[in-house]
Amino acid sequence: MKLKIACIAGDGIGPEIVREARKVLDKVAQCFGHEIEYTDILMGGASIDVHGVPLTEEAVSAAKAADAVLMGSIGGDAATSPWYKLSPERRPEAGLLGIRKALNLFANLRPAILYPELSGACPLKTEISDKGFDMLIMRELTGGLYFGERKTVEENGVRKATDTLVYDENEIRRIAVKGFAIAQKRKKKVTSVDKANVLDSSRLWRNVVEEVAKDYPEVALEHMLVDNCAMQLVKDPAQFDVILTENMFGDILSDEASMVTGSIGMLASASLNDTKFGLYEPSHGSAPDIAGKDIANPIATVLSAAMMLRYSFDLDKEADAVEAAVQEALKAGYRTADIMSEGCRRVSCTEMGDLLVERVHK
Ligand code: NAD
């Protein structure tokens, strides 16, 4: 198969972690007989330095011409970087919002996995962390409260602010379809999270999710109120497979879920549109504090590349091979500085990439 991948190395540790992820993808291509064509795209601070803006039309066209985008991360240190002296729409982060919008990426996927080897990093009690967990938060990314009409007015000397939470059934249906399709590739359970006891938008969400569920009889559906879900994530995270939810609930719950893993350098993410196209990036930022030192953990980016193989290219065996390589390297005791613990062997970003490459096989 020919894989056309656009690469946004970005800023900070971005170029280091993307370089390692590409090494792993190249090994996958070699083992499984695929051909990869990479196109490099500038975005964020790297684009500001060259073009004066964080995202150009050419960059968007190049991304659209690819089958998927692999990204490192963008942004710098807001206190010291000259990028943050620019107006907000010219800063690095504007590039990210711009490309998400241009590519119509409405579904955000964030897996939160507790690897047995890293269970010591989990802040939960051992009787909970011992069970491990492997969940995926699917968050609607382009609707809801963050995109509704908003205003602040003053009435009779009292300031009043309004934000509007709007969803139409098509927006709910398209993400629900994605959620069920992905659950089918996993443990076949969807937990749809809403606040249907209070909000009309949640009641519509629940109705539409139930309609979509009828097309996926092999996937179990449960509904959970968002406040209960926030509790269950720390009480019994092992119960979850796919958590399907709207924009703001997903924003909060995905951060909570990732923090209970305790390892930011391990967390992948994907943003998808209604085709097979997706943008894959680690959940963490550009870590300017450790950029250029070859000590960043490349695993989140490598696992994002595995998600790309699975969701944009339907190459499940190849994705399994990458995920297995990560588990083998952890089992063998190799750790980058961020996940280092006693008795393990500390390795650099490059060395971790090499160790993963060695462990990818058919
Ligand atoms: P961050 O995630 O970059 O860093 C937080 C802490 O985690 C730092 O101590 C960092 O060294 C560490 N860390 C992060 N990733 C790591 C890795 N792979 N290996 C080892 N350690 C790692 O968050 P921040 O410091 O708040 O943000 C820095 C910059 O990143 C900002 O400009 C921010 O806007 C940007 N950012 C970008 C994205 C993105 O590109 N999607 C997401 C979040 C933040």
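On a predicted model such as this, the values are computed, not experimentally measured, just so you know. (Residues numbered from 1 in each chain as written. Predicted model: local features only at pLDDT ≥ 70, side-chain atom pairs only at ≥ 80, totals over all residues. Heavy atoms only, no water.)

Describing the overall build of the protein
Per the secondary structure count, the protein includes 12 helices and 14 strands. Relative to the compact-globule value of 21 Å for 362 residues, the protein shows a C-alpha radius of gyration of 21 Å, a close match. Viewed in the frame of its principal axes, the protein has a C-alpha envelope of about 60 × 50 × 40 Å. Surface exposure of the protein reaches about 16000 Å², of which carbon and sulfur atoms provide 52%. Positive and negative side-chain charges in the protein, numbering 43 and 55 respectively, have mean positions lying 1 Å apart. (Helix = DSSP H or I, 4+ residues; strand = E, 2+ residues; numbered from the N terminus. Rg over C-alpha atoms; globule rule 2.2 N^0.38 Å. Areas by Shrake-Rupley, 256 points an atom, 1.4 Å probe, with all protein chains shown as cover. Lys, Arg positive; Asp, Glu negative; His and termini not counted. Charge placed at Lys NZ, Arg CZ, Asp CG, Glu CD.)

Observations regarding the pattern of salt bridges
Summed over all chains, the structure comprises 27 salt bridges. Asp134 is paired through a salt bridge with Arg186; the nearest N and O atoms lie 3.3 Å apart. Of this pair, Asp134 sits in strand β5 (residues 133-140) while Arg186 is found in the loop between α6 (169-184) and β8 (189-194), placing the two residues 52 residues apart along the sequence. Here Asp194 makes a salt bridge to Arg206, at a shortest N to O gap of 2.8 Å. (Salt bridge = Lys/Arg side-chain N within 4 Å of Asp/Glu carboxyl O.)

Side note on the environment of Val212
With respect to the element layout, Val212 can be found in helix α7 (residues 200-213). With a relative accessible area of 4%, Val212 lands in the buried category. Each C-alpha atom of the pair Val212 and Gly179 lies 9.9 Å from the other, and the pair is 33 residues apart in sequence. The residues contacting Val212, other than those within four sequence positions of it, are Arg173, Ala176, Val177 and Phe180. (Buried < 20%, exposed > 50% of the residue type's maximum accessible area, 1.4 Å probe, protein only. Contact = heavy atoms within 4.5 Å.)

Describing the pairing of β5
For a regular strand, side chains alternate in direction, first toward one face of the sheet and then toward the other. Burial analysis of β5 places 7 of its 8 residues in the buried class, the great majority of the element. In this structure, strand β4 (residues 107-114) lies alongside β5, joined through 8 bridges in antiparallel fashion. Bridge pairing in β5 places Asn108 opposite Arg139. Here β5 pairs with strand β10 (residues 242-245) via 4 bridges, running parallel. Along β10, the bridge assignment pairs Met138 with Leu244. (Pairing = 2+ DSSP bridges.)

Overview of the site of the ligand
Contacts to the ligand come from 21 residues, most closely from Gly76, Glu93, Gly285, Ala287 and Asn297. Here an oxygen atom of the ligand and a backbone polar atom of Ile74 are 3.0 Å apart. In the environment of the ligand, a nitrogen atom lies 2.9 Å from a nitrogen or oxygen atom belonging to the backbone of Asn297. Alone, the ligand offers 810 Å² of accessible surface; in the complex the protein occludes 68% of this. (Near = heavy atom within 4 Å. Polar contact = N/O pair within 3.5 Å; in protein donor to acceptor, adjacent residues only side chain to side chain.)

So, the environment of Gln30
Within the secondary structure layout, Gln30 lies in helix α1 (residues 14-32). A residue is classified by how much of its surface remains accessible, and Gln30, at 63% relative accessible area, is exposed. Considered as a pair, Gln30 and His361 are 331 residues apart in the sequence and their alpha carbons are 9.5 Å apart.

Some details on the sheet that holds strand β1 (residues 2-10)
Strand order in this open sheet of 10 strands is β2-β1-β3-β12-β11-β4-β5-β10-β8-β9, and the pairing throughout is mixed. Edge positions in the open sheet fall to β2 (35-40) and β9 (220-225), since each of these has one partner strand only. If you compare each strand with its neighbour and ignore which way they point, the axes differ by 25° on average. Examined bridge by bridge, β1 and β2 share 6 bridges and lie parallel to one another. Its bridge partner lying in β2, Lys2 is registered against Glu35. (Axes fitted to C-alpha atoms, helices over the stretch in contact; angles between N-to-C directions.)

Comments concerning empty space enclosed by the protein
One pass over the structure, following the stated rule, counts 1 cavity of 30 Å³ or more. Taken as a whole, the largest cavity spans an internal volume of roughly 60 Å³. Broken down by secondary-structure element, the contributors of at least two residues to the lining of the largest cavity are β8 and α7. Ranked by residue count, the leading element in the lining of the largest cavity is α7, at 3 residues. The residue inventory of the lining of the largest cavity, partitioned by class, reads 6 nonpolar, 2 polar and 2 charged. (1 Å grid on protein atoms, 1.4 Å probe; cavity = no way out; pocket = protein on both sides within 12 Å on 5 of 7 lines; lining within 4 Å. Points joined across faces, edges and corners; volume = space filled by probe spheres on them. Nonpolar A, V, L, I, M, F, W, Y, C, P; charged D, E, K, R; others polar.)

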